[in-house]
Amino acid sequence: SILMSYDHVELTFNDMKNVPEAFKGTKKGTVYLTPYRVIFLSKGKDAMQSFMMPFYLMKDCEIKQPVFGANFIKGIVKAEAGGGWEGSASYKLTFTAGGAIEFGQRMLQVAS
């Protein structure tokens, strides 16, 4: 079941070793919150069509409110075995049309 979703979200990755081509650049799409994970679906013909982050693989999540620019959620996600990549990566979900605070608060509430 989907608890909430937001359109106009950008997903970027940093601090990855051996970065797969699909992880490069900024992904634009929709983010969904479920009782067990965060799901990002890309809009258009991006190499990465979707990305799932189960709560048990996420850590150091923070909600940021910069003075200039859109609010965002950042943290670290570890790769799941057989997920098509290895290690861990820093992620950043930027909510260009708003909703980062509401999404982030609900995500932290559900994950706990």
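Computed from a predicted structure; not experimentally measured.

Enquirer: What's the story with the overall build of the protein in this structure? I'm lost.
Expert: Counting its secondary structure elements, the protein contains one helix and seven strands. Counting helices and strands in the order they occur from the N terminus, the protein gives β-β-β-β-β-β-β-α. The C-alpha radius of gyration of the protein comes to 13 Å, within 12% of the 13 Å expected for a compact globule of 112 residues. Oriented by its inertia axes, the alpha-carbon framework of the protein measures out at about 30 × 30 × 25 Å. Expressed as a percentage of the 112 residues in the protein, the buried residues total 36%. Considering only contacts in the protein between residues 6 or more positions apart, those separated by 24 or more positions represent 50%.

Enquirer: What is the right way to read helix α1 (residues 100-111) from this model?
Expert: Note on helix geometry: an α-helix contains 3.6 residues per turn, so any two residues three or four positions apart are oriented the same way. Compared with the 16 Å implied by 1.5 Å per residue over twelve residues, the 16 Å span of α1 between its first and last C-alpha is a close match. Every buried residue of α1 is accounted for by Ala100, Phe103, Gly104 and Met107. Looking straight down α1, one finds that the buried residues subtend no more than 95° of arc, so they occupy a single side. Exposed side chains of α1 directed beyond 90 degrees from the buried face belong to Gln105 and Gln109. Turning to α1, the residues buried within the fold contact β1 (4-14), β2 (27-33), β3 (37-42), β5 (58-64), β6 (72-78) and β7 (88-95).

Enquirer: What's the story with the sheet that holds strand β4 (residues 50-54) in this structure? I'm lost.
Expert: Backbone-to-backbone hydrogen bonds pair the strands of a sheet. The strands run either parallel or antiparallel. Read from one edge to the other, the open sheet built from seven strands follows the order β4-β3-β2-β1-β7-β6-β5, with strand pairing classed as antiparallel. The open sheet has two edge strands with one neighbour each: β4 and β5. Neighbouring strand axes in the sheet, compared pairwise and without regard to direction, differ in orientation by 30° on average. Judged from the five bridges that link them, β5 and β6 form a sheet pairing that is antiparallel.

What counts and what doesn't
- Residues numbered from 1 in each chain as written.
- Predicted model: local features only at pLDDT ≥ 70, side-chain atom pairs only at ≥ 80, totals over all residues.
- Heavy atoms only, no water.
- Helix = DSSP H or I, 4+ residues; strand = E, 2+ residues; numbered from the N terminus.
- Rg over C-alpha atoms; globule rule 2.2 N^0.38 Å.
- Buried < 20%, exposed > 50% of the residue type's maximum accessible area, 1.4 Å probe, protein only.
- Contact = heavy atoms within 4.5 Å.
- Expected span 1.5 Å × (residues − 1).
- Arc of directions from axis to C-beta.
- Pairing = 2+ DSSP bridges.
- Axes fitted to C-alpha atoms, helices over the stretch in contact; angles between N-to-C directions.

So yeah, pure geometry; function would need other evidence.
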